[in-house]
Amino acid sequence: MSFAKPTVDQKAAEQLLREAIAIAQDDSREIPAVEWDIEIRTIIQGTHLTFRYILMTGLLGKATNPSINALALQAGADVEGAYDARTLCHQVVVPIERKLLNRALGGSNEPFANNPARLPTISLSNPVRRGKDQKLQSMLYKVLSEIGASDQAFVCLCNAVRYAIKKQMARSGSLPQLSESADSHLKTIEFIDAFVTRSIEGQVAAIVAGTVLSIYFDQFEGFEVIVHPVNQSGSSSKEVADIDIKKNGKIFVVVEVKDKPFSEQDVDHAAFKVSQYSLTSITFVIGVNGTYIGSSLKQVSKTVLLTRNVNVIFVSLLSFMSSVIALCPELSFATFLAKLRYYAINARVKDEVFEHIESVFQSMQVASNPPSNNPSGAD
């Protein structure tokens, strides 16, 4: 059976998205309530990054052309109203989000390269993890299957954008302002010790390493520390390692961070990329959850040096962080936390990482200010 394949005018879609953002950013503008408010808020403020982009793209597509099927993810889907949602997302939603929303949806370069956006349509039978993800998919299906008119879709789009902005603001201001103290070095190490016990797909180790290195290099002129997204599609072709350190705009040194089992092939691949930039060394940081699958790190260093002419220096994350922190005489715990949030946002980490940051911080606060056992007024 042949179905009609509508298209979405990208210029018109971009204009609508800009209008929705302008409305959502104006706190004096009241956005009408919609019957899908709970579902939209839960998806946008939920833990599944790809669902946020699917929802935003479906709403934008429907607001621009009401004949599209908002459940469709691919133009070739065997449903009436299937359209090219991937192109709309990657060429309109992603760049506008980066430019006007400070990556409030998560800052993914190619969200439709991830599951479940790689399927033809959103369906209740699509495979997702049970529990939260399954509930979010059901909510997504409900919203995108029930909205019919373009004006409805636009109001929902405005609501979705406002929730995304609120989420971003809450994330940026989740921790209170801290006063300076004499034990900032020890506080920072204490935080890191607790923070790195979890990997969260390697993102924890990468951002904390980048944060500490950034604080160190801030002491000198002309340096920039860049932490690249971990295990995400669409990484820049100019990326050398997980952490690239530039001096006056040129690659100076690089750091690879592994917080999971890795092999000689992983080391060789990192060394190969380094050799393409005429660098002769790479620091290979091993997180507390990282283990080498092989006989000897010393042997793999010798092998890579012979084949790639690159010196691979293996260091443990905690020892490396403590050593670098010791070389930062002006270290402030407040600055450390602010930079950690900055790199978490720019490296597009999962929401779980932000929750982990706050959890570790709150645990430290409780430990340093235990409740008094004395009754009120007692000596």
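Preceding this paragraph is the structure being described.
The following paragraphs examine the structure supplied in this document. Not measured: the values here are computed from a predicted model.

Further remarks concern the overall build of the chain. Scanning the chain for helices and strands turns up 13 helices and seven strands. Seen along its three principal axes, the alpha-carbon backbone of the chain occupies a region of about 70 × 65 × 40 Å. Put simply, of all contacts in the chain between residues at least 6 apart along the chain, 76% involve residues at least 24 apart. Split by element, the accessible area of the chain, about 18500 Å² in all, is 50% carbon and sulfur. Charge separation in the chain, taken as the distance between the mean sites of 37 positive and 39 negative side-chain charges, equals 4 Å.

Now for the packing of aromatic side chains. Enumeration according to the criterion identifies 13 aromatic pairs in this entry. Summarising the aromatic geometry, the rings of F220 and F223 are spaced 6.3 Å apart at their centres and angled 70 degrees between planes, so their arrangement reads as edge-to-face. With a relative accessible area of 39%, F220 lands in the partly exposed category.

A word on the sheet that holds strand β3 (residues 250-258). Sheet architecture is open: five strands sit in the order β1-β2-β3-β5-β7, paired in mixed fashion. The outermost strands of the open sheet, each flanked by one partner alone, are β1 (223-227) and β7 (311-316). In this sheet, neighbouring strand axes are inclined to one another by 20 degrees on average, regardless of whether the strands run parallel or antiparallel. Judged from the six bridges that link them, strand β5 (residues 281-286) and β7 form a sheet pairing that is parallel. Looking at β7, one finds that F284 is bridged to F314. Contacting β1, β2 (243-247) and β3, helix α8 (residues 203-217) runs over the sheet at an angle of about 175 degrees to β1. Strand contacts of helix α11 (residues 317-326): β5 and β7, with the helix running at about 90 degrees to β7, the strand carrying the most contacts.

You can see T188 is positioned in helix α7 (residues 184-195). Excluding anything up to four places from it in sequence, T188 contacts I325, L331, F333 and F336.

Attention now goes to the nonpolar core. Here is a general trend for soluble globular proteins: nonpolar side chains tend to be buried in one another's company. Grouped together as the largest cluster of nonpolar side chains are 59 residues, with contacts concentrated most on I40, I44, I54, L55, L59 and L60. Elements represented by at least two residues in this core include exactly α1 (10-25), α2 (37-44), α3 (49-64), α4 (85-100), α5 (132-146) and α6 (150-172). Top contributing element to this core by residue count: α6, with 10 residues. Apart from the residues within four sequence positions on either side, L59 is in contact with V143, L144, I147, A153, C156, L157 and A160. Counting 46 residues, the second-largest nonpolar core is a separate cluster that includes I192, I200, L331 and A344.

What follows concerns the pattern of salt bridges. Considering all chains together, one arrives at seven salt bridges under this definition. Among the ionic pairs, R198 bridges to E352, the shortest N-O distance being 2.2 Å. Pair noted here: R198 is in the loop between α7 and α8 and E352 is in helix α13 (residues 351-368), with a separation of 154 residues, a long-range link. For K350, the salt bridge is made with E201, and the minimal N-O distance between the two is 3.8 Å. In this pair, K350 is assigned in the loop between α12 (333-346) and α13 and E201 in the loop between α7 and α8, connecting sequence segments 149 residues apart. On the basis of relative accessible area, K350 is assigned to the partly exposed category, the value being 28%.

With that settled, consider the pairing of β2. Bridge analysis of β1 against β2 gives five bridges, and the strand direction is antiparallel. In the sheet register, F223 faces β2, and the bridge partner there is K247. Here β2 runs beside β3; their pairing, made up of five bridges, is antiparallel. For K246, the partnering residue across the bridge sits in β3 and is I251. Count of turn residues in the β2/β3 antiparallel hairpin: two residues, of which N248 carries a positive phi of about 55 degrees.

Glancing now at the packing of α7 against α12. Two numbers describe how α7 lies on α12: the axes approach to 8 Å, and their chain directions differ by 35 degrees. Residues S184, K187, T188, F191, I192 and F195 of α7 form the contact with α12, whose own contacting residues are F333, F336, L337 and L340.

Even without a glycine there, the phi angle at N102 is positive, about 50 degrees. Following the sequence through the fold, N102 ends up in the loop between α4 and α5. Overall, N102 belongs to the partly exposed group, its relative accessible area being 48%. With a phi close to 60 degrees, R103 is a non-glycine residue in the positive phi region. Tracing the chain through its elements places R103 in the loop between α4 and α5.

Rules of the game
- Residues numbered from 1 in each chain as written.
- Predicted model: local features only at pLDDT ≥ 70, side-chain atom pairs only at ≥ 80, totals over all residues.
- Heavy atoms only, no water.
- Helix = DSSP H or I, 4+ residues; strand = E, 2+ residues; numbered from the N terminus.
- Contact = heavy atoms within 4.5 Å.
- Areas by Shrake-Rupley, 256 points an atom, 1.4 Å probe, with all protein chains shown as cover.
- Lys, Arg positive; Asp, Glu negative; His and termini not counted.
- Charge placed at Lys NZ, Arg CZ, Asp CG, Glu CD.
- Phe/Tyr/Trp six-rings, centres within 6.5 Å; stacked < 30°, edge-to-face > 60°.
- Buried < 20%, exposed > 50% of the residue type's maximum accessible area, 1.4 Å probe, protein only.
- Pairing = 2+ DSSP bridges.
- Axes fitted to C-alpha atoms, helices over the stretch in contact; angles between N-to-C directions.
- Core = buried A, V, L, I, M, F, W, Y, C linked by side-chain atoms within 4.5 Å.
- Salt bridge = Lys/Arg side-chain N within 4 Å of Asp/Glu carboxyl O.

As far as function goes, none of this settles anything; it's purely spatial.
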